[in-house]
Amino acid sequence: MIVYSCPDLIFATKIRATAEALGVLTRPARDAQALRHRLEQVDDGRPNEPVTALMVDLDLGPLALELLEQAKRHNPDIPVIAYGSHVAKEVLGEARRRGADLVLPRSAFVARLPQLLQQYADKA
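Residues numbered from 1 in each chain as written. Predicted model: local features only at pLDDT ≥ 70, side-chain atom pairs only at ≥ 80, totals over all residues. Heavy atoms only, no water.

### Here we look at the pairing of strand β4 (residues 80–84)
So, step 1. Most of β4 is tucked away, with five of its five residues classed as buried.
So, step 2. Residues Val80, Ala82 and Gly84 line one face of β4 and the alternating positions Ile81 and Tyr83 line the opposite face, and both faces are buried.
So, step 3. Where strand β3 (residues 53–57) meets β4, four bridges bridge the pair, whose relative direction is parallel. When the sheet's bridge partners are listed, Leu54 is paired in β4 with Val80.
So, step 4. A crossover connection joins β4 to the parallel strand β5 (residues 102–105) through helix α4 (residues 89–97); in handedness this β-α-β unit is right-handed. (Buried < 20%, exposed > 50% of the residue type's maximum accessible area, 1.4 Å probe, protein only. Helix = DSSP H or I, 4+ residues; strand = E, 2+ residues; numbered from the N terminus. Pairing = 2+ DSSP bridges. Right-handed = clockwise from strand over helix to strand, strands pointing away.)

Okay, structure coming up:
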């Protein structure tokens with residue numbers, strides 16, 4: 001299961017809809033507690049498979065970096081894909097320094113979304 005965290009409802013819907021079209025299970029994590037539940041596979045009445053990747057929108061600000069670090073503390077092998085504005089070079093670099101496996105400008109993330117979903121769904 002790929003977990004995503006995104007503050008923009010329309011963009012989150014795009015991730016979910018693309019994943020559904022590909023048959024890839026995704027679940028949102030809006031905060032650190034939700035991510036912890038996903039990582040620990042807490043039963044919330046819906047499918048909660050092992051997390052194969054985290055996609056995090058750097059527009060979340062400090063929470064994005066917190067979620068990235070939380071995932072890596074839980075399991076350093078969980079791939080973290082961070083994406084954000086191409087002009088936010090400092091935050092993109094900070095995500096890289098804090099352990100994101102792949103850091104992309106939003107446009108590249110959108111262009112590669114189907115490929116990324118398939119690639120990281122297959123990590124299970």
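### Some words on helix α5 (residues 106–121)
Given 3.6 residues to a turn, an α-helix orients residues that are three or four positions apart in the same direction.
So, step 1. In the structure, α5 departs most strongly from a straight axis at Arg112, where the bend amounts to approximately 65° and where the proline Pro114 lies between one and four residues downstream.
So, step 2. Buried residues of α5: Phe109, Leu113, Leu116, Leu117 and Tyr120, and no others.
So, step 3. For α5, the secondary structure elements touched by its buried residues are β1 (2–5), α1 (9–22), β2 (26–28), β3, β4 and β5. (Bend = angle between axes of the 7 residues up to and from the residue. Contact = heavy atoms within 4.5 Å.)

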